Amino acid sequence: MGSETGLRERKKRQTYQAVSDAAIALFLERGFDGVSVAEVAAAAGISKPTLFRYFPAKEDLVLHRFADHEDEAARVVAAGRAEGIAPLPALHAHFRQGLDRRDPVTGLCDHPNVLAYHRLLYGTPSLAAGMHAYQNRSQRALAAELGEGLCAQLAAGQISAVQRILAEENVRRIAAGESAQALHAQAVRAADRAFEQLGAGLGAEYGDGRR
């Protein structure tokens with residue numbers, strides 16, 4: 001039973017990826033608004049109703065790539081606590097590791113496909129709005145992991161804002177022509193300063209020592 005379930009999940013993920021790849025290729029070629037869902041389904045070799053079972057909205061064809069990251073900050077905090085590491089040091093280390101491996105989520109990635117994806121994402125109002133909704137869900141998940149009450153919500157809001165601003169600045173500079181390699185050291189220093197300021201503002205509960 002377990003192997004059958006695992007096989008179904010793998011096939012489901014493969015279908016997600018194949019349909020999304022087909023959609024994004026069309027969107028990059030003709031624009032998000034210039035491609036219908038029916039055309040995406042035809043390109044992916046599935047029916048329109050089947051597509052909607054995987055992707056309830058057209059925007060999800062693009063935004064689903066963030067799905068695995070939606071609770072990432074919360075998972076990093078949980079894993080850090082299991083090792084006795086406070087939330088901010090755990091998140092800081094994770095962000096720096098993302099910069100080192102040129103993770104697109106950090107904005108420090110100049111692969112042509114990623115650059116094209118960013119142009120599509122930030123150049124399409126409905127996708128930008130969907131990205132904002134994703135960020136809100138991610139922030140709520142982080143707040144739930146940090147604890148209960150207003151303090152946890154405020155902390156999650158500040159942390160999420162810092163990560164977003166750092167990533168957007170990296171995206172902006174790379175879009176302006178800088179390479180990820182040339183920008184890396186500056187991006188690391190910016191992240192270090194940002195998390196240092198977070199630690200000073202949030203205090204020992206989230207930023208200092210081990211918890």
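Shown above is the structure to which this text applies.
Now for a description of the structure that goes with this document. (Residues numbered from 1 in each chain as written. Predicted model: local features only at pLDDT ≥ 70, side-chain atom pairs only at ≥ 80, totals over all residues. Heavy atoms only, no water.)

1. Things to note about the overall build of the chain
Of the regular secondary structure elements, the chain holds 11 helices and 0 strands. Overall, the chain shows an N-to-C arrangement of helices and strands of α-α-α-α-α-α-α-α-α-α-α. The principal-axis extents of the C-alpha atoms in the chain amount to approximately 55 × 50 × 30 Å. Surface exposure of the chain reaches about 11,300 Å², of which carbon and sulfur atoms provide 53%. (Helix = DSSP H or I, 4+ residues; strand = E, 2+ residues; numbered from the N terminus. Areas by Shrake-Rupley, 256 points an atom, 1.4 Å probe, with all protein chains shown as cover.)

2. Let's talk about the packing of aromatic side chains
Within this structure, the stated rule accounts for 6 aromatic pairs. With a centroid separation of 5.2 Å and an interplanar angle of 40°, the aromatic rings of Phe66 and Tyr134 are classed as tilted. Here the residue Phe66 occupies a position in the loop between helix 4 (60–63) and helix 5 (72–82), and Tyr134 occupies one in helix 8 (residues 125–146), the gap between them amounting to 68 residues. Accessibility assignment for this pair places Phe66 and Tyr134 in one class, buried. An aromatic cluster is present here, built from Tyr16, Tyr54 and Phe55 joined pairwise through their rings. Looking at Lys58, its charged tip hangs above the ring of Phe32, at a distance of 4.5 Å from the centre. (Phe/Tyr/Trp six-rings, centres within 6.5 Å; stacked < 30°, edge-to-face > 60°. Buried < 20%, exposed > 50% of the residue type's maximum accessible area, 1.4 Å probe, protein only. Lys NZ or Arg CZ within 6 Å of the ring centre and 35° of its normal.)

3. Focus on the pattern of salt bridges
Summed over all chains, the structure comprises 10 salt bridges. Put simply, Arg172 and Glu169 hold a salt bridge, and the shortest N to O gap is 2.7 Å. With a gap of 3 residues between them, Arg172 and Glu169 both fall in helix 9 (residues 150–175), about one helical turn apart. In this structure Glu169 comes out as partly exposed when scored by relative accessible area, which is 32%. (Salt bridge = Lys/Arg side-chain N within 4 Å of Asp/Glu carboxyl O.)

4. Examining unusual backbone geometry
In this structure, Arg102 takes a positive phi of about 60° despite not being glycine. Note on Arg102: relative accessible area 21%, which makes it partly exposed.

5. Observations regarding the side chain of Glu72
Locating Glu72 in the fold gives a position in helix 5. At a separation of 2.4 Å, a polar atom in the side chain of Glu72 contacts the side chain of His69. (Polar contact = N/O pair within 3.5 Å; in protein donor to acceptor, adjacent residues only side chain to side chain.)

6. Considering the side chain of Asp103
Mapped onto the elements of the fold, Asp103 is located in the loop between helix 6 (87–100) and helix 7 (112–122). Among the polar contacts listed, one links the side chain of Asp103 to the backbone nitrogen of Val105, at a separation of 3.0 Å. Excluding its chain neighbours within four sequence positions, the residues that come into contact with Asp103 are His69, Gly98 and Leu108. (Contact = heavy atoms within 4.5 Å.)

7. A few points about the nonpolar core
Ranked by internal contacts, the top residues of the largest apolar core, which has 29 residues, are Leu146 and Ile159. Mapped onto this core, the elements with two or more residues apiece are helix 5, helix 6, helix 8, helix 9 and helix 10 (180–202). Broken down by element, the residue count for this core peaks at 9 residues, all from helix 10. Excluding its chain neighbours within four sequence positions, the residues that come into contact with Ile159 are Leu88, Leu91, Leu142, Leu146, Leu198 and Leu202. If you look at the next biggest cluster of nonpolar residues, it comprises 22 residues, including Phe32, Val37, Val40 and Leu127. (Core = buried A, V, L, I, M, F, W, Y, C linked by side-chain atoms within 4.5 Å.)

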